[in-house]
Amino acid sequence: MWRTVKNFFQSLRSYPDLSPDLRMRRRVNRELRDRPALSVDEWYVRFWQPLGVSRQVAEFVYTQIATYTGLDFTRIRPSDHLHDDLHLALVCWFDWEFSLYEDFFERFGVDLSDRFDPDLYITVQELVLFLNQQLLSITLEPD
């Protein structure tokens, strides 16, 4: 019984370290507010179609990364820096990349767990192009 109570209080102490910084999330969303909102179709056609990115990957990023971050992805642009502008490490739960692995695998059948490092990508565009390349690599593999 004492161990259960002790674990409960320890988890309360670690919760702030593992949870999103809601103040930072609100700040980033405030900064994005002046930009025009784009639907997923507009976002794809304007930014990703010219780069040859799969519509499915663009839609995945638009919806899933918005879920992980709590940011208004209708206003996110390819040139936004993941860490300097969007503060990804602060606005997400500590394990958001594991959710990304699982969701990408569930949606596309591609396992990212051995090749995705969120610190390697500076901009949203770099992240989207990486994910698109992962999908292409699986579809181009010989049977």
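Residues numbered from 1 in each chain as written. Predicted model: local features only at pLDDT ≥ 70, side-chain atom pairs only at ≥ 80, totals over all residues. Heavy atoms only, no water.

**Q** What should I look at first to understand the overall build of the chain in this one?
**A** Within the chain one finds 7 helices and 0 strands. Counted from the first residue to the last, the chain has its helices and strands arranged as α-α-α-α-α-α-α. When each of the 143 residues of the chain is scored for burial, the buried share is 38%. Element-wise, carbon and sulfur atoms account for 53% of the exposed surface of the chain, whose accessible area totals about 8,900 Å². (Helix = DSSP H or I, 4+ residues; strand = E, 2+ residues; numbered from the N terminus. Buried < 20%, exposed > 50% of the residue type's maximum accessible area, 1.4 Å probe, protein only. Areas by Shrake-Rupley, 256 points an atom, 1.4 Å probe, with all protein chains shown as cover.)

**Q** Before we go on, may I ask you to explain the environment of histidine 81 in this structure?
**A** Within the element layout of this structure, histidine 81 appears in the loop between α4 (55-69) and α5 (88-91). For histidine 81, a relative accessible area of 28% gives the class partly exposed. Taking the C-alpha atoms as reference, histidine 81 lies 5.4 Å from isoleucine 122; in sequence the two are 41 residues apart. Non-local contacts of histidine 81, meaning those with residues more than four positions away in its chain, are made with Leu86, Ile122 and Thr123. (Contact = heavy atoms within 4.5 Å.)

**Q** In this structure, what is going on with helix α3 (residues 40-48)? I would like to understand it.
**A** Two residues of an α-helix separated by three or four positions point the same way, owing to the 3.6 residues in each turn. Residues Trp43, Tyr44, Phe47 and Trp48 constitute the buried set of α3. Considered in projection along α3, the buried side chains sweep an arc of 100° and stay on one side of the axis. (Arc of directions from axis to C-beta.)

**Q** I tried to follow the side chain of threonine 123 on my own but got confused; where do I start?
**A** If you trace the backbone, threonine 123 turns up in the loop between α6 (96-108) and α7 (124-139). Among residues more than four places away in sequence, those in contact with threonine 123 are Pro78, Ser79, Asp80, His81 and Leu82.

**Q** Can you walk me through the pattern of salt bridges in this structure?
**A** When their charged atoms lie close together, side chains carrying opposite charge are able to pair. Counted under the stated rule, the structure contains 6 salt bridges. Glutamate 31 serves as the salt-bridge partner of arginine 27, at 3.2 Å between the closest nitrogen and oxygen. Separated by 4 residues within a single helix, arginine 27 and glutamate 31 lie in helix α2 (residues 22-32), roughly one turn from each other. With a relative accessible area of 35%, arginine 27 lands in the partly exposed category. Ionic pairing is found between arginine 115 and aspartate 114, a salt bridge with its closest N-O pair at 3.2 Å. On the basis of relative accessibility, which here comes to 63%, the residue aspartate 114 falls in the exposed class. In the salt-bridge network here, residues are joined through shared partners; they are Asp41, Arg55 and Glu59. (Salt bridge = Lys/Arg side-chain N within 4 Å of Asp/Glu carboxyl O.)

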